[in-house]
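# Residue-level structure breakdown
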Amino acid sequence: VNSFKIIESTLREGEQFANAFFDTETKLKIAKALDNFGVDYIEVTSPVSSPQSYEDCKRICQLGLKAKVLTHVRCNMDDARKAVECGVDGVDLVIGTSSFLREYSHGKSMEMIQKIALEVIEYVKSQGVEVRFSSEDSFRSDLVDILALYKAVDRAGVNRVGVADTVGGATPRMTYDLVRTLRGVVGCDIECHFHDDTGCSVANALSALEAGASHIDTSVLGIGERNGITPLGALMARMVVTAPEYVTKKYNLKALKSLEELVADAVQINIPFNNPITGFCAFTHKAGIHAKAILANPSTYEIIDPSLFGLTRYVSINSRITGWNAVKSRVEQLGLKMTDEQVKEVTAKIKQMADIRPLAIDDTDSIIRSYHLDVVQQ
Ligand code: HCA
Ligand code: CU
C-alpha cells in the first residue's frame with residue numbers, strides 16, 4: 001500500500017457519538033482544522049436531518065476548503081436533491097442491504113434497492129456532483145446480492161462504491177476477502193467504513209487497503225455511533241509506518257494533537273491514555289533496558305518517530321525498574337557532573353526509594369541533587 005485517501009467523518013459519523021453536540025461555530029472550526037490537517041474529504045451530516053444541519057452543510061461548502069465536502073444521505077431522490085442544493089462536491093448514498101435491515105428497517109427488496117439507486121445516481125451525476133454508493137451492513141449482506149448491486153451502480157458511473165462494517169464485527173481476513181472480490185467486480189474506487197465494536201477498525205482499514213480499497217472513513221479519536229469507527233490518529237500511526245513517504249508528505253502530522261484536542265474538548269472527553277501517538281505515555285520509556293537502548297538509538301524501541309508529529313519522547317527514571325544509563329542521561333540534563341560509579345550509586349538510592357513509594361520526576365531529581373551535594377561536592 002503506498003497511497004490512500006481519507007474521508008473524514010467527524011462531522012457526520014462523529015455527530016452520532018453519544019456526547020456530540022456541534023454548534024455551527026464548532027463545526028466550522030473542526031472543518032477548518034481537518035482541512036489544515038490535509039484530509040481529502042470532509043463528510044457532514046445529512047441536510048435532511050434538521051433545519052440547522054441544512055444551514056451548516058451549506059456554510060461548510062462555502063468555506064472554500066481544499067478538502068472536498070460530502071454529505072451523507074439515504075438513497076432516495078428527496079434526500080439527494082437536498083444534498084445537491086447545499087452545494088456539496090459529492091454525495092454519499094447509503095442503503096441497508098443485509099436481511100436484518102431490509103426486514104426491520106426500510107423493507108425494500110434488492111430489486112427495489114437497485115432501481116432506486118440507479119435513478120438517484122443518474123440524478124446526482126447529472127448535477128455535476130460526485131457520487132458514492134454504499135451498502136450498509138455489507139458484511140452481513142448476501143455476497144451475490146451486493147456484488148450484483150455494486151456491479152450495476154459501477155456501470156451507472158458512480159465514483160466510488162462503499163463497504164461498511166456497520167456493526168463492527170468484521171475481521172481483517174473477512175475484510176480482505178470481501179474487498180478483494182469486489183475489486184474484481186467493479187472498476188471504480190472502493191471506500192471502506194469500519195466500526196470498532198470488536199477493536200478491529202484500524203486493522204480492517206489496512207486489510208482493505210491491501211486488498212485494493214482506496215478510501216478509508218475516519219473520525220477524530222474515532223467518535224461515532226456506539227464506540228465509533230477507525231480513528232484518524234490511529235490510522236495515521238498505522239500508515240506512517242506502512243507508507244511513510246506518502247503520509248509524511250500528504251498530511252500535516254504536526255497538527256494531529258491540536259486537532260484531537262479541539263474535538264475532545266468539543267465532545268467533553270479526554271484523549272485516552274493509550275491513544276496511538278497522542279496518548280500521554282505514547283512515547284514514554286521506562287524499563288532500564290529500554291531506556292539504555294533508546295538513548296543510544298531511538299529506533300530500538302520506537303516504531304514511530306515522535307518528532308514527525310511535533311512530539312518528544314520521555315525517558316522515565318522514576319521507578320525501581322530504571323537503570324543507571326537512563327539516570328546518567330538525566331544527570332547530564334540537570335547539568336551535573338558525576339562519574340559512572342557515582343551514577344550507579346545514586347541509581348541504587350532511587351531504586352531504594354522507589355521500592356517504598358511511587359516517585360514523581362521532582363522526587364528523583366531531588367535524590368540526584370542531594371546526592372550530588374552530599375557526595376560529589378562533599
Ligand atoms: C449508520 C450508517 C453508516 C454508513 C457508512 C457509510 C454505517 O449510521 O449506520 O455510508 O459508509 O456504519 O453503516 O455509518
Ligand atoms: Cu458508521
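Below or above, wherever it landed, is the structure these notes cover. (Residues numbered from 1 in each chain as written. Chains lettered and ligands numbered in written order. Predicted model: local features only at pLDDT ≥ 70, side-chain atom pairs only at ≥ 80, totals over all residues. Heavy atoms only, no water.)

## Concerning empty space enclosed by the protein
Note the cut-off: Both site types are read off a 1 Å grid over the protein atoms alone. A 1.4 Å probe that fits but cannot get out defines a cavity, while an open set with protein on both sides within 12 Å along at least five of seven lines defines a pocket; lining residues have an atom within 4 Å of a point. Grid points are joined across faces, edges and corners, and a volume is the space filled by probe spheres set on the points. Comment: elements are numbered from the N terminus, with helices defined as DSSP H or I runs of at least four residues and strands as E runs of at least two. Lys, Arg, Asp and Glu make up the charged group, whereas Ala, Val, Leu, Ile, Met, Phe, Trp, Tyr, Cys and Pro make up the nonpolar group; the residues left over, Gly among them, are polar.
Scanning the entire structure with this criterion turns up 1 cavity of 30 Å³ or more. Computed from the structure, the largest cavity encloses a volume of approximately 40 Å³. Every residue along the wall of the largest cavity is listed here: Leu11, Lys27, Val44, Thr45, Ser53, Asp56, Cys57 and Ile60. Of the residues forming the lining of the largest cavity, the biggest block, 4 residues, is contributed by helix α2 (residues 51-61). Split into classes, the residues belonging to the lining of the largest cavity amount to 4 nonpolar, 2 polar and 2 charged.

## What to know about the coordination of the copper ion (ligand 2)
Quick note on the threshold: The donor definition counts N, O and S atoms within 2.8 Å of each metal and applies 3.2 Å to Na, K and Ca; water is not among these atoms, so some sites may look incomplete.
Listed as protein donors to the copper ion (ligand 2) are Glu13 (OE), His193 (NE2) and His195 (NE2); their distances from the metal cover 2.1 Å. Positions of the donor residues of the copper ion (ligand 2), expressed as sequence spacing, correspond to E-x179-H-x1-H. In this pair, Glu13 is assigned in the loop between β1 (5-8) and α1 (24-37) and His195 in the loop between β7 (189-194) and α8 (201-210), connecting sequence segments 182 residues apart.

## Re the sheet that holds strand β5 (residues 130-136)
The strands making up a sheet associate through backbone hydrogen bonding, with each pair oriented either parallel or antiparallel. For clarity, the cut-off: What makes two strands pair is DSSP finding at least two bridges between them. Here an axis means a line fitted to C-alpha atoms, over the contact stretch when the element is a helix, while the angle between two N-to-C directions is reported on a 0 to 180 degree scale. Contacts were defined at the residue level, with two residues in contact if any of their heavy atoms lie within 4.5 Å.
One closed barrel accounts for 8 strands, arranged β1-β2-β3-β4-β5-β6-β7-β8; its pairing is parallel. Ignoring strand direction, the axes of neighbouring strands in this sheet form an average angle of 25 degrees. Of the strand pairs in this sheet, β1 and strand β8 (residues 215-218) are connected by 4 bridges, and their pairing is parallel. Paired with Ile6 across the bridge in β8 is Ile216. Along the sheet, helix α5 (residues 110-126) contacts β4 (90-96) and β5; its crossing angle with β5, the most-contacted strand, is approximately 160 degrees.

## Digging into the packing of aromatic side chains
Selection rule: Classification of ring pairs uses Phe, Tyr and Trp, with its six-membered ring standing for Trp, and accepts pairs whose centres are within 6.5 Å; under 30 degrees between planes counts as stacked, over 60 as edge-to-face, and the remaining range as tilted. Whether a residue is buried, partly exposed or exposed follows from its accessible area with a 1.4 Å probe, protein chains only, as a fraction of its type maximum: under 20%, in between, or over 50%, in that order. Think of it as a cone above the ring: NZ of Lys or CZ of Arg counts as a charge over the ring if it is within 6 Å of the ring centre and within 35 degrees of the ring normal.
Counted under the stated rule, the structure contains 5 aromatic pairs. Ring geometry for Phe139 versus Phe194: centroids 6.5 Å apart, planes at 45 degrees, classification tilted. Remark: Phe194 occurs in strand β7 and Phe139 occurs in the loop between β5 and α6 (143-155); sequence separation between them is 55 residues. Accessibility expressed as a relative area gives 0% for Phe194, which makes it buried. Lying across the ring of Trp324, Lys344 places its NZ or CZ 4.6 Å from the centre.

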